[in-house]
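Given next are the chains, with one letter for each unit.
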Amino acid sequence: MQTHRAKRVEITIEAVMQSRLTDALTKAGVTGYTVLPVLGGSGRSGPWSRSGQVSRASGMVQVVCIIRPERVDDLLDAAFAVVERHIGIVSVSDCDVLRAERF
Amino acid sequence: MQTHRAKRVEITIEAVMQSRLTDALTKAGVTGYTVLPVLGGSGRSGPWSRSGQVSRASGMVQVVCIIRPERVDDLLDAAFAVVERHIGIVSVSDCDVLRAERF
Amino acid sequence: MQTHRAKRVEITIEAVMQSRLTDALTKAGVTGYTVLPVLGGSGRSGPWSRSGQVSRASGMVQVVCIIRPERVDDLLDAAFAVVERHIGIVSVSDCDVLRAERF
């Protein structure tokens with residue numbers, strides 16, 4: 001099956017800032033992303049959790065984008081320009097993607 | 001600690017089609033997968049969200065399989081044969097896995 | 001944008017054992033991790049699901065750590081020492097991470 005090299009960018013961000021981030025990604029030309037809920041975690045400021053809440057009003061979410069390798073820098077610039085203070089860790093990994101017309 | 005090369009396949013699919021996908025994966029010999037909830041996202045048809053619902057009746061889920069590299073093609077063939085129209089993006093990445101007897 | 005090589009460790013574990021795992025990770029010097037809810041899955045003992053429950057009292061979670069490559073072995077030793085029986089699959093993949101001061 002034909003695959004295409006791509007990058008998987010995983011951004012953990014405060015849930016309340018999700019739409020600002022995805023708006024910025026959209027303006028930067030990113031058409032595909034997926035938002036995953038996060039139950040809790042730990043970062044520079046210590047551990048935190050949603051205390052069993054499933055509301056999106058608190059806590060963090062993970063925004064995952066699969067994009068063409070040459071577009072990673074634009075995506076990251078766009079993300080950090082808008083929401084740098086609210087972003088936790090950002091990781092980028094290589095992947096192969098099927099059906100390139102969908103991304 | 002001993003590790004083994006494997007592939008991590010991440011399939012984003014409509015939640016209502018999840019069992020058809022996992023049944024197909026099982027028939028193709030995949031014994032291990034994990035299903036993650038998805039809050040929202042954006043694809044070819046624009047952004048969408050679950051509107052705060054936690055029901056599995058709407059929205060998308062992510063099915064993640066860790067499999068031996070030589071089995072990737074069979075897995076993808078099985079997935080696409082059954083649920084091609086309902087699958088969003090599919091990505092495949094390299095990983096190392098511990099305890100090979102578990103997958 | 002400057003990036004740093006890192007490892008992404010993904011541990012699927014019974015939800016009730018989550019705090020024992022993250023306590024062990026913290027003692028091993030891991031400061032950053034993210035916990036994702038899991039809806040269901042399949043492993044050695046067959047398929048399982050949360051039956052629509054969103055409680056953390058049942059089912060599994062995924063703990064994702066982004067760490068420096070040289071620390072992977074310590075992390076895995078710490079995790080397995082405490083919770084080996086309760087861990088499902090563990091995968092390790094390469095990634096690049098931004099803002100190294102945050103991990």
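Model, not experiment: these values are computed from the prediction. (Residues numbered from 1 in each chain as written. Chains lettered and ligands numbered in written order. Predicted model: local features only at pLDDT ≥ 70, side-chain atom pairs only at ≥ 80, totals over all residues. Heavy atoms only, no water.)

1. Some points on the confidence of the model for chain A
Residues and elements named next belong to chain A. Residue-level pLDDT values for chain A average 84, and 86% of them are 70 or greater. Considering each helix and strand of chain A separately, the mean pLDDT is smallest for strand 4 (residues 46–49), with a value of 74, and largest for strand 2 (residues 33–37), with 95. Here residues 52–57 is modelled with pLDDT under 50, and outside its nearest four sequence neighbours on either side it reaches 11 contacts, counting other chains as well. Confidence metrics for the complex model read pTM 0.88 and ipTM 0.85. (pLDDT = per-residue confidence, 0-100. Helix = DSSP H or I, 4+ residues; strand = E, 2+ residues; numbered from the N terminus. Contact = heavy atoms within 4.5 Å.)

2. Thoughts on the interface of chain B and chain A
At the interface, 28 residues of chain B touch 23 residues of chain A. Both faces combined, the contact of chain B with chain A buries some 2200 Å², and carbon together with sulfur accounts for 58% of it. The largest per-residue losses of area from chain B upon contact with chain A belong to Leu 39, Arg 44 and Ile 89 of chain B, which jointly make up 28% of the total buried on that side. Here chain B and chain A share 1 salt bridge between them. Between Arg 8 of chain A and Glu 10 of chain B there is a salt bridge whose closest N-O contact spans 2.9 Å. Of all the elements in the fold, those that place two or more residues in the side of chain B that touches chain A are strand 1 (3–14), strand 2 (33–37), strand 3 (40–43), strand 4 (46–49), helix 2 (72–83) and strand 6 (87–98) of chain B. Of the residues in the side of chain B that touches chain A, the class split is 12 nonpolar, 10 polar and 6 charged. As defined by bridge partners, strand 2 of chain A adjoins strand 3 of chain B across 3 bridges and the pair is classed as antiparallel. (Buried area = accessible area lost by both parts, 1.4 Å probe. Salt bridge = Lys/Arg side-chain N within 4 Å of Asp/Glu carboxyl O. Nonpolar A, V, L, I, M, F, W, Y, C, P; charged D, E, K, R; others polar. Pairing = 2+ DSSP bridges.)

3. Observations regarding the pairing of strand 2 of chain B
Residue and element names in this part refer to chain B. The buried fraction of strand 2 amounts to 5 of the 5 residues, a majority that puts the element mostly inside the structure. Of the two faces of strand 2, the one carrying Tyr 33, Val 35 and Pro 37 and the one carrying Thr 34 and Leu 36 are both buried. Across 4 bridges, strand 2 lies against strand 5 (residues 60–67) in antiparallel orientation. Paired with Pro 37 across the two strands is Val 61, which belongs to strand 5. (Buried < 20%, exposed > 50% of the residue type's maximum accessible area, 1.4 Å probe, protein only.)

4. Topic: the environment of Ile 13 of chain C
All names here are of chain C. Positionally, Ile 13 belongs in strand 1 (residues 3–14). Its relative accessible area of 0% is what places Ile 13 among the buried residues. If we skip the residues at most four places from it in the chain, Ile 13 touches Leu 21, Met 60, Val 61, Val 63, Val 83, His 86, Ile 87 and Gly 88.

5. Some remarks on the interface of chain A and chain C
Facing 28 residues of chain A, the contacting portion of chain C comprises 23 residues. Taken together, the two surfaces of chain A and chain C that pack against each other cover about 2200 Å², and 57% of this comes from carbon and sulfur. Broken down residue by residue, the surface that chain A buries against chain C is led by Leu 39, Arg 44 and Ile 89 of chain A, which jointly contribute 28%. At the junction of chain A and chain C, the tally comes to 1 salt bridge. Counting across the interface, chain A meets chain C through 7 residue pairs in polar contact (both at pLDDT 80 or more). Counting residues per element, the side of chain A that touches chain C draws most heavily on strand 6 (residues 87–98) of chain A, at 7 residues. Grouping the amino acids of the side of chain A that touches chain C by side-chain chemistry returns 12 nonpolar, 10 polar and 6 charged. Sheet analysis places strand 6 of chain A next to strand 6 (residues 87–98) of chain C, joined by 2 bridges and oriented antiparallel. Within the sheet, the bridge partner assigned to Ser 91 of chain A lies in strand 6 of chain C and is Val 97 of chain C. (Polar contact = N/O pair within 3.5 Å; in protein donor to acceptor, adjacent residues only side chain to side chain.)

6. What about the relation of the copies chain B and chain A?
Each copy of the sequence occupies a distinct position, and chain B is placed on chain A by a rotation of 120° and an axial shift of 0.0 Å, giving an RMSD of 0.0 Å. What we have between these two chains is a three-fold relation. Considering only C-alpha atoms, the part of chain B nearest the rotation axis is Pro 37 of chain B, at 4.1 Å. Different-surface contact between copies: only 14% of interface residues of chain B are shared with the interface of chain A. (Least-squares fit on C-alpha atoms with pLDDT ≥ 70 in both.)

7. Focus: the relation of the copies chain A and chain C
With an RMSD of 0.0 Å, the fit of chain A onto chain C corresponds to turning through 120° and sliding 0.0 Å along the axis. Interface overlap between copies is the fraction of interface residues in one copy that are interface residues in the other; for chain A against chain C it is only 14%, indicating separate surfaces.

8. Topic: helix 2 of chain B
With 12 residues, helix 2 of chain B should reach 16 Å at 1.5 Å per residue; the first-to-last C-alpha distance of 16 Å fits that figure. Taken residue by residue, helix 2 of chain B has Val 72, Leu 75, Leu 76, Ala 78, Ala 79, Phe 80 and Val 83 of chain B as its buried positions. Where helix 2 of chain B is buried, its residues touch strand 6 of chain A together with strand 1, helix 1 (18–27), strand 5 and strand 6 of chain B. (Expected span 1.5 Å × (residues − 1).)

9. Here's the deal with the packing of helix 1 (residues 18–27) of chain A against helix 2 (residues 72–83) of chain A
All names here are of chain A. At a closest axis distance of 9 Å, the pairing of helix 1 and helix 2 adopts a crossing angle of 145°. Viewed along their axes, helix 1 and helix 2 form a crossing whose handedness is right-handed. Counted together, Arg 20, Leu 21, Ala 24 and Leu 25 of helix 1 and Leu 75, Ala 78, Ala 79, Val 82 and Val 83 of helix 2 form the full contact between these two elements. In terms of residue class, the contact of helix 1 with helix 2 is built from 8 nonpolar, no polar and 1 charged. (Axes fitted to C-alpha atoms, helices over the stretch in contact; angles between N-to-C directions. Left-handed = near helix turned anticlockwise from the far one by under 90°.)

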